[in-house]
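The primary structure of each chain is shown beneath.
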Amino acid sequence: MTDTTQSVMPAGPVIKSKLSRDDIIMRGSMIIIALYLVVSLVFPLYAMLSKSFSTYRVELSQYEFQVSDEAGTFDGSILTGADLNARTSTFAETDLSTGADGRLPVTGFFPDFSFRSPVMYQIRNTSETGRFLIGSNLQTGTEWVTLDSNTFRRVQLRPVKAQGLDNFVSYFSTPALFNSIKNSLWIAVLSTVVTVSLAFWFAYALNRSCMKYKGVFRLIAMAPILVPSLLPGIALVYLFGNQGMIKELLFGASIYGPIGIVIGSVFFTFPHAFIIISTALAISDARLYEAAASLRSTPWRTFWTVTVPGARYGLISAAFVVFNLVITDFGLPKVIGGQFNVLAVDIYKQVIGQQNFEMGAVVSVVLVIPAILAFAIDRMVQSKQVALLSARSVPYEPQPNKKMDRIFFAYCTLVGLFIAGLLAVCQFAALIKFWPYDLSLSLNNYQFDKMDGGGWGSYVNSIKLALMTAVAGTAVVFFGAYLVEKSKGFHTGRAIFQMFAMLPMAIPGMVLGLAYIFFFNNPANPLNAIYGTMAILVVCTVTHFYTVSHLTAVTALKQMDREFESVAASLKQPTMKLFARVTVPVCLPAVLDISIYLFVNAMTTVSAVVFLYSPKTTLASIAVLNMDDAGDIAPAAAMGMMIFYTNALARIIHLLASRGILRRTQAWRSR
């Protein structure tokens with residue numbers, strides 16, 4: 001009976017819930033921020049990818065020539081450029097493939113050419129795509145152009161744009177460029193192994209021992225995050241360079257190359273690995289250790305069967321983060337890499353040194369591949385992570401062990417001396433007059449206005465950039481995360497937004513900066529007006545560090561129950577009012593963390609902005625690079641230390657302000 005009724009009844013209309021005014025506002029706001037990510041990330045990357053496939057070639061068959069006799073009479077004989085080149089072998093096949101600015105002179109086609117000759121020449125394009133220059137005037141169209149000899153010598157053929165894989169073929173057939181891939185992978189793998197090993201035992205000592213001064217060691221471990229990656233390179237030059245203090249310890253090896261890059265990479269990636277591994281080791285179930293003890297397991301076996309498996313996801317994440325940081329870093333290999341080429345420096349050399357933007361785009365595409373693979377594997381591993389601490393778990397508390405505590409203390413002291421030592425060397429270098437001939441102390445190196453590469457204006461610009469990035473970035477990121485996390489329905493739009501928000505993590509800074517050149521420097525782009533201004537530096541920096549800030553905000557918002565929205569709806573309160581009066585105050589700790597994260601990274605960033613600054617917007621981190629290039633290493637160290645002190649001061653102000661603000665707004669947490 002029931003089946004018969006159902007088969008007879010027609011399908012009813014699909015009922016869709018009516019969108020409220022709040023829903024429309026939230027979806028509209030989400031689309032606006034998503035458009036921001038599209039314009040600041042997707043379009044530039046697409047422009048860069050298109051550029052890597054753009055090839056430029058001079059098609060000689062697209063040009064025709066006529067030559068007169070000495071009386072200026074043309075006999076009607078027409079020769080193409082291809083015919084003339086076949087006769088004279090003026091240009092090899094490799095000469096015809098060139099860049100966007102490539103130019104080929106034509107007088108080589110005529111062995112008897114003389115600019116004083118009365119002979120006249122005619123030239124024309126055979127197709128509408130053909131182009132040639134007479135001096136600085138571009139000639140298009142298919143009409144004959146008659147020129148005397150003196151003018152004809154100024155004719156240059158221009159390449160025609162096409163799409164193809166020629167740039168990639170050229171890249172992989174150039175041994176010097178291809179070796180950069182091998183060098184980058186080798187350096188990244190070696191640095192990852194060393195850094196993760198050191199960071200694991202450092203974090204293990206702080207979480208699983210009862211040694212003293214854990215807080216001091218934790219502060220020292222986090223110090224490298226406050227300096228640009230160029231600074232350890234400068235310190236290593238003073239320690240192990242040609243005039244280094246202790247260069248004998250290298251036993252004749254050179255610090256300029258892989259040794260220097262690895263040591264410097266260990267320094268600046270150490271805090272990143274330490275934070276992740278320390279978080280993994282901080283959570284453990286004491287019952288597992290009690291079970292191991294009751295089974296009479298040795299400490300070494302307990303370590304491999306309980307401790308390491310419990311921290312394996314942290315170790316894997318730390319490894320991929322360090323690998324990504326090293327393979328995409330530009331500053332350190334630039335300062336101390338010497339002739340040891342890596343991918344990130346190759347991009348800089350191709351773009352700044354050779355003005356070969358197409359090849360720079362090709363290297364960027366190559367650099368993105370390992371970075372995206374590492375990011376994808378890391379996300380896949382993290383998705384498999386399960387909670388180790390259940391409601392029945394008993395937190396592990398380390399027991400005093402004098403022998404092990406002393407060993408760990410000695411180990412942490414050595415690592416701490418390595419970190420603090422490099423910073424101390426930089427400060428020492430910044431204060432002496434002229435190493436190694438005049439070691440008297442002076443503040444001359446802080447007279448940045450007298451140095452090549454940057455002045456105090458660069459330092460002020462960096463502070464402006466950091467403040468603007470912190471304020472604008474925090475507002476955009478947190479509001480965007482709120483819209484994704486708290487919107488109702490609109491699943492497809494939220495999924496796309498989430499994908500855009502995660503994308504910046506996998507894009508190296510050099511690649512992003514180069515992509516901005518291709519997109520924003522295009523005169524046809526309405527946003528071209530911001531190119532060379534502080535605005536594009538802010539947009540680039542916010543986009544570069546978007547993912548971590550977004551994840552921080554989402555994590556904080558997930559802790560808020562959706563009942564808040566339900567209660568607000570039942571009271572007929574607007575969503576934006578709930579956002580301003582409840583959500584932001586509750587999530588204020590996360591908001592403050594995002595702001596200081598963006599501030600510190602904006603002060604230290606180099607790779608993402610090295611292509612985008614103008615003479616009016618030079619930055620302190622770029623000034624360090626430029627002064628080092630100019631040979632002013634001591635002033636470069638001084639500017640690097642100014643960045644360190646500024647970030648340290650910002651951290652202290654942030655800590656004090658956070659305490660005051662949180663005491664007023666987070667009183668409910670202590671009830």
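Worth saying up front: this structure is predicted, and the values here are computed from it rather than measured.

A.B. asks: Looking at this model, I keep getting lost on the overall build of the protein. Mind explaining?
C.D. replies: The secondary structure content of the protein amounts to 26 helices and 13 strands. Its C-alpha atoms give the protein principal-axis dimensions of roughly 105 × 95 × 50 Å. Across the 671 residues of the protein, 49% fall into the buried class. The long-range share in the protein, meaning contacts at least 24 apart out of those at least 6 apart in sequence, stands at 78%. Carbon and sulfur atoms form 63% of the exposed surface of the protein, whose accessible area is close to 33000 Å². Here the protein carries 51 positive and 37 negative side-chain charges, and the mean point of each set is 17 Å from the other.

A.B. asks: Would you explain the sheet that holds strand β11 (residues 160-163) in this entry?
C.D. replies: Through backbone hydrogen bonds, the strands of a sheet pair up, either in parallel or in antiparallel fashion. Spatially, three strands are ordered β4-β1-β11 in an open sheet, and the strand pairing comes out antiparallel. With one partner strand each, in any of the chains shown, β4 (97-98) and β11 form the two edges of the open sheet. Relative to β11, strand β1 (residues 54-57) runs antiparallel, the two being bridged by four bridges. Pairing of tyrosine 56 across the sheet is with lysine 161, part of β11.

A.B. asks: Before we go on, may I ask you to explain the sheet that holds strand β8 (residues 137-139) in this structure?
C.D. replies: On the basis of which strands lie adjacent, the open sheet formed by four strands has the order β5-β10-β7-β8 and antiparallel pairing. A strand with exactly one partner marks an edge of an open sheet, and here the two such strands are β5 (104-105) and β8. For strand β7 (residues 132-134) and strand β10 (residues 155-157), the ladder comprises three bridges, and the chain directions are antiparallel. In the sheet register, phenylalanine 132 faces β10, and the bridge partner there is leucine 157.

A.B. asks: Looking at this structure, I do not really get the packing of helix α10 (residues 258-282) against helix α12 (residues 299-328). What am I missing?
C.D. replies: Running from amino to carboxyl end, α10 crosses α12 at an angle of 155°, the nearest separation of the two axes being 8 Å. For the element pair α10 / α12, the angle class is roughly antiparallel. Between α10 and α12 lies a crossing of right-handed hand. When α10 is examined against α12, the residues Ser265, Phe268, Thr269, His272, Ala273, Ile276, Ile277, Ala280 and Leu281 are found in contact with a partner set consisting of Thr307, Ala311, Gly314, Leu315, Ser317, Ala318, Val321, Val322, Leu325 and Val326. Looking at the contact of α10 with α12 residue by residue, the classes come out as 13 nonpolar, six polar and no charged.

A.B. asks: How do you make sense of the nonpolar core when you look at a structure like this?
C.D. replies: Most often, soluble globular proteins keep nonpolar side chains buried together rather than apart. With 173 residues, the main nonpolar core has Tyr171, Phe202, Ile277, Phe330 and Phe611 as its most contacted residues. The next biggest cluster of nonpolar side chains, apart from the first, holds 22 residues, and it includes Val58, Leu104, Phe109 and Leu157.

A.B. asks: Looking at this model, I keep getting lost on helix α19 (residues 509-520). Mind explaining?
C.D. replies: An α-helical segment advances 3.6 residues per turn. Residues three or four places apart therefore align on the same side. The terminal C-alpha atoms of α19, which comprises 12 residues, lie 16 Å apart, in line with the 16 Å expected from a rise of 1.5 Å per residue. Extensive coverage of α19 is indicated by the burial of 12 of its 12 residues. Residues Gly509, Met510, Val511, Leu512, Gly513, Leu514, Ala515, Tyr516, Ile517, Phe518, Phe519 and Phe520 constitute the buried set of α19. Of the surrounding secondary structure, the elements contacted by the buried residues of α19 are α2 (21-52), α14 (343-353), α15 (357-383) and α20 (534-544).

A.B. asks: Help me understand the packing of aromatic side chains, please; the structure alone is not making it clear to me.
C.D. replies: Aromatic ring pairs are reported here in terms of the distance separating the ring centres and the angle at which the planes meet. Under the defined criterion, the tally for this structure stands at 43 aromatic pairs. Between the aromatic rings of phenylalanine 110 and phenylalanine 152, the centroid separation amounts to 5.7 Å while the plane-to-plane angle is 65°, which identifies the pairing as edge-to-face. With phenylalanine 110 in the loop between β5 and β6 (120-125) and phenylalanine 152 in helix α5 (residues 149-152), this pair connects stretches of sequence that are 42 residues apart. Phenylalanine 110 gets classed as buried once you look at its relative accessible area, which sits at 13%. For phenylalanine 152, a relative accessible area of 0% puts it in the buried group. Grouped by ring-pair contacts, the aromatic residues Phe65, Phe91, Phe109, Phe110, Phe113, Tyr121 and Phe152 constitute a single cluster. It is arginine 153 that lies over the ring of phenylalanine 115; its NZ or CZ is 4.3 Å from the centre.

A.B. asks: Quick question: what am I supposed to make of a nonpolar patch on the surface here?
C.D. replies: A cluster of nonpolar side chains, Trp186, Val189, Leu190, Val193 and Val194, forms an exposed patch at the surface whose accessible area comes to about 420 Å². By secondary structure assignment, the location of valine 193 is in helix α7 (residues 175-208).

A.B. asks: Could you clarify how one ought to interpret the pairing of β6 in this entry?
C.D. replies: Sheet faces and side chains relate simply in a regular strand, where the side chains alternate between the two faces. Where strand β2 (residues 63-67) and β6 come together, five bridges link them in antiparallel fashion. Bridged to phenylalanine 65 within β6 is isoleucine 123. With four bridges joining them, β6 and strand β9 (residues 145-148) adopt antiparallel strand pairing. The residue of β9 that forms the bridge with isoleucine 123 is valine 145.

A.B. asks: I keep staring at the state of the cysteines and nothing clicks. Help me out?
C.D. replies: The term disulfide refers to a covalent linkage connecting the sulfur atoms of a pair of cysteines. Counting across every chain of the model gives zero disulfides. There is no disulfide at cysteine 210, and the cysteine sulfur nearest it, in cysteine 412, is 13 Å away. The class of cysteine 210 is partly exposed, set by a relative accessible area of 32%.

A.B. asks: Help me out: how do you make sense of the side chain of glutamine 66 in this one?
C.D. replies: Checked against the element boundaries, glutamine 66 lands in strand β2. Apart from the residues lying within four places of it in its own chain, the contact partners of glutamine 66 are Phe74, Gly76, Ser77, Ile78, Met120, Tyr121, Gln122 and Trp144.

A.B. asks: Explain unusual backbone geometry here, please?
C.D. replies: Of note in the backbone geometry, tyrosine 213 takes a positive phi value of approximately 60° without being a glycine. Tracing the chain through its elements places tyrosine 213 in the loop between α7 and α8 (214-222). The exposed category is assigned to tyrosine 213, whose relative accessible area is 54%. A positive phi angle, close to 55°, is found at phenylalanine 251, a residue other than glycine. Here phenylalanine 251 is to be found in the loop between α9 (230-240) and α10.

About the thresholds
Residues numbered from 1 in each chain as written. Predicted model: local features only at pLDDT ≥ 70, side-chain atom pairs only at ≥ 80, totals over all residues. Heavy atoms only, no water. Helix = DSSP H or I, 4+ residues; strand = E, 2+ residues; numbered from the N terminus. Buried < 20%, exposed > 50% of the residue type's maximum accessible area, 1.4 Å probe, protein only. Contact = heavy atoms within 4.5 Å. Areas by Shrake-Rupley, 256 points an atom, 1.4 Å probe, with all protein chains shown as cover. Lys, Arg positive; Asp, Glu negative; His and termini not counted. Charge placed at Lys NZ, Arg CZ, Asp CG, Glu CD. Pairing = 2+ DSSP bridges. Axes fitted to C-alpha atoms, helices over the stretch in contact; angles between N-to-C directions. Parallel < 35°, antiparallel > 145°, perpendicular 65-115°, else oblique. Left-handed = near helix turned anticlockwise from the far one by under 90°. Nonpolar A, V, L, I, M, F, W, Y, C, P; charged D, E, K, R; others polar. Core = buried A, V, L, I, M, F, W, Y, C linked by side-chain atoms within 4.5 Å. Expected span 1.5 Å × (residues − 1). Phe/Tyr/Trp six-rings, centres within 6.5 Å; stacked < 30°, edge-to-face > 60°. Lys NZ or Arg CZ within 6 Å of the ring centre and 35° of its normal. Patch = residues over 30% accessible without salt bridge, like charges linked within 9 Å, V, L, I, M, F, W, Y side chains within 5 Å. Salt bridge = Lys/Arg side-chain N within 4 Å of Asp/Glu carboxyl O. Disulfide = S-S within 2.5 Å.

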